[in-house]
Amino acid sequence: MSNDKIKVAVIGTGNIGTDLCERLLKDPKFDVVAFVGRRSTSSGLTRMHGRVPNLLDSGIESLEPLWPYLDGVFDATSATAHAEHWAIVQKHKKWIIDLTPSRIGKPLVPVLIDNSPSMKISTDYVANYSMVTCGGQSSAALIYAITKHAKSVEEVEISSSIASLSAGPATRNNIDEYIDSTENMATLLTGCSAVKSILVLNPAEPPVMMRTTVHVRAANFDLVQILQESRDLVAKVKSYVPGYDLVVEPHVAGSGQISATVKVLGSGYYLPEYSGNLDIINAAAVETATQHVHLSRLNHERITT
Amino acid sequence: MISFYDVTLRDGNHAMRHSLTPEFVREYCQIAEQSGVWAVEVGHGNGIGASSFLVGKAKSDDYSLLTAARENLKKVKLAVHAIPGFATIKRDIIPAIKAGVDIFRIGTHVTEVTTAQKHVEYLSGQDQMVHGVLMMSHAIDLKGLVSQAKLMAGYGASAVVLMDSAGNYVPKDVATRVNALKQEIGVQVGFHAHNNLGVGVSNAISAIENNATIIDGSSMGLGAGAGNAPLESIIVNYRRMKSGAPSLDKFLEMSHLVETKCPEYLPRTTSSSIQSGDAGVFSGFAPQVKQLAAEFGVSQEDLWQELGKRRLVAGQESMIREIAQDLMNL
């Protein structure tokens, strides 16, 4: 199997894009070919001088000569720009990881790739994966573990609290869309339509770490299995999000109800540690790209050998 | 003239553990309609769209409560509270418009007003009356308070309401804050008291004396934690201050209804409420604090203090368990 590095471009030089670029530069599996912004003086682009070979400042158009050298791209721009980016990426037959709230791509939470049929890696090389939301990424393992060992799931609730400082203008402006996307993922995962997502911003100093609580109501549960499955899946998330921890284990929280809480501490590549909400999205993006390329290379070998 | 804003059927729903029914709403609104109160707010304690495991499941859904109120309020305005992060425009606010709500109050923690921009702008764009609510308004300095209030006004709120969600103010704090807002923002100022320190009514009167024009209260003080400023007590005071104040009888009739219908839920100032108020912790945490302190064998006092230290905000109910667990393991 090919051990070539995965050659990528990161589009968007804001906080998320910059953190992602730092993360990919430190990951031996990846080769960051280009970092793409809209202003040559942006702090993100300036920071990558001498570290990324192609620092481009005219948006996705400036990638034109580089497409033959790329496997895929990460999009950390905006929901509106993403629609346009996806069209171009398809034309060049590449994959794209969407970190915007556009909801165009297939929602993917990497920890569940081998578990949930709703979270499979695409068999087409040309693919678009949506990283959902921080609430979605942090809750999916618990939702899956609890509902897998429950009968007749009646309600699923996800509540997250994040540090105010970690919520930028995009999060604040799209709080309804955040709720919608998170709820859609929970429905996709469980088939349950009675889902609710809540987001709370906490301004305390020092900033709080992100916490997500999952609450499930169902006809009955196997708590022992849920505990085991949750611990296993949390450990699996931890392999790509080192600051992910189960702080309140699944417990009975009223009749027919199970609840559990995770905490997410960021890795601090570029963003501060309290930005666990942003960290988990970026970590998921890198893991998704890794898994997608791995599968397509396996398939390719199967065809060619 | 003061607009008296009755939160019995919303904040009171916290005290009732969200067990409010359309029948009670109907009966209450029939008296309220005759009382001279300006508006009646209805819904889950944390506003429409907030019924959840996190902050409490409501016995009756928003729509049936709002419909019951609407059918019985003609002169009196029907109002709702909504918190971005819980309620969304599509799922909760649009159906409330359709249910005939007259006043929308969009609330955020006092430092997080930018999360309400879309909701306030949407409502003012729809020509709906919209108020901006600053919850936990004690948890910011005066300059910050003014700038957050200006944002709300800028989005199109016709009033900014200061909520003393933790019941932390004494009358001079109210005077300073209401005054500053009156001078700095060009919209109406409202005040919403909680009675943790036993000065809810005095705080409401202080707001009136400093020219706030919308005053919240609830019958028998039915509300989160130690409850709100009792509306009937505010009216009695106001009658001695101004001529043309509403007469007392219907307010007393509403109190009597609350007193007889839900005696088990009547709030009062307690040692615990004084501690939470003084620590500046959200009053609505009281049921969880009581339950979890017992479950983990820690004292309520210690738990309140720790919640204050960690500066929890409304909506972080799930963290109380983690903190109680930490205290137990100390």
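Reading the values: the criteria
Residues numbered from 1 in each chain as written. Chains lettered and ligands numbered in written order. Predicted model: local features only at pLDDT ≥ 70, side-chain atom pairs only at ≥ 80, totals over all residues. Heavy atoms only, no water. UniProt positions renumbered as here; feature names shortened; annotations may be inferred. Domains from an automatic or database assignment. Buried area = accessible area lost by both parts, 1.4 Å probe. Helix = DSSP H or I, 4+ residues; strand = E, 2+ residues; numbered from the N terminus. Salt bridge = Lys/Arg side-chain N within 4 Å of Asp/Glu carboxyl O. Buried < 20%, exposed > 50% of the residue type's maximum accessible area, 1.4 Å probe, protein only.

- Chain B goes by 4-hydroxy-2-oxohexanoate aldolase in an unreviewed UniProt entry, where it is assigned to freshwater metagenome.

- Database annotation for chain A, UniProt heading Sequence similarities (unreviewed entry): "Belongs to the acetaldehyde dehydrogenase family."

**A closer look at the domain arrangement of chain B**
Residue and element names in this part refer to chain B.
Thinking step 1. When its domains are assigned, chain B resolves into domain 1 (3-261) and domain 2 (271-328).
Thinking step 2. On a C-alpha basis, the centroid separation for the pair domain 1 and domain 2 is 24 Å.
Thinking step 3. Of the roughly 1300 Å² buried between domain 1 and domain 2, counting both surfaces, carbon and sulfur atoms make up 59%.
Thinking step 4. The largest share of the area that domain 1 buries against domain 2 comes from Leu-54, Met-136 and Asn-196, three residues that together contribute 32% of it.

**What about the UniProt feature "domain: Pyruvate carboxyltransferase" (unreviewed entry) in chain B?**
Thinking step 1. Mapped onto this numbering, the UniProt entry gives "domain: Pyruvate carboxyltransferase" (unreviewed entry) at residues 2-258 of chain B.
Thinking step 2. Within the segment residues 2-258 of chain B, helix and strand shares are 40% and 16% respectively, and the terminal C-alpha atoms sit 24 Å apart.

**Here's the deal with the pattern of salt bridges**
Oppositely charged side chains can form a pair if their charged atoms are brought close together.
Thinking step 1. Going through the model one piece at a time under the given rule, you end up with 35 salt bridges over all chains.
Thinking step 2. Residue Arg-231 of chain A pairs with Glu-249 of chain A through a salt bridge whose shortest N-O separation is 2.8 Å. Placement of the pair is Arg-231 of chain A in helix H7 (residues 223-238) and Glu-249 of chain A in strand E11 (residues 244-252), with a sequence separation of 18 residues.
Thinking step 3. According to the relative accessible area criterion, Glu-249 of chain A is partly exposed, its value standing at 34%.
Thinking step 4. Between Glu-41 of chain B and Arg-10 of chain B there is a salt bridge whose closest N-O contact spans 2.7 Å. Here Glu-41 of chain B, found in strand E2 (residues 39-41), pairs with Arg-10 of chain B, found in the loop between strand E1 (3-6) and helix H1 (11-15); they are 31 residues apart in sequence, far enough to count as distant. For the pair shown, Glu-41 of chain B and Arg-10 of chain B are each scored as buried.
Thinking step 5. Each member of the salt-bridge network shares a partner with another, and the members are Glu-22, Lys-26, Arg-47 and Arg-51 of chain A.

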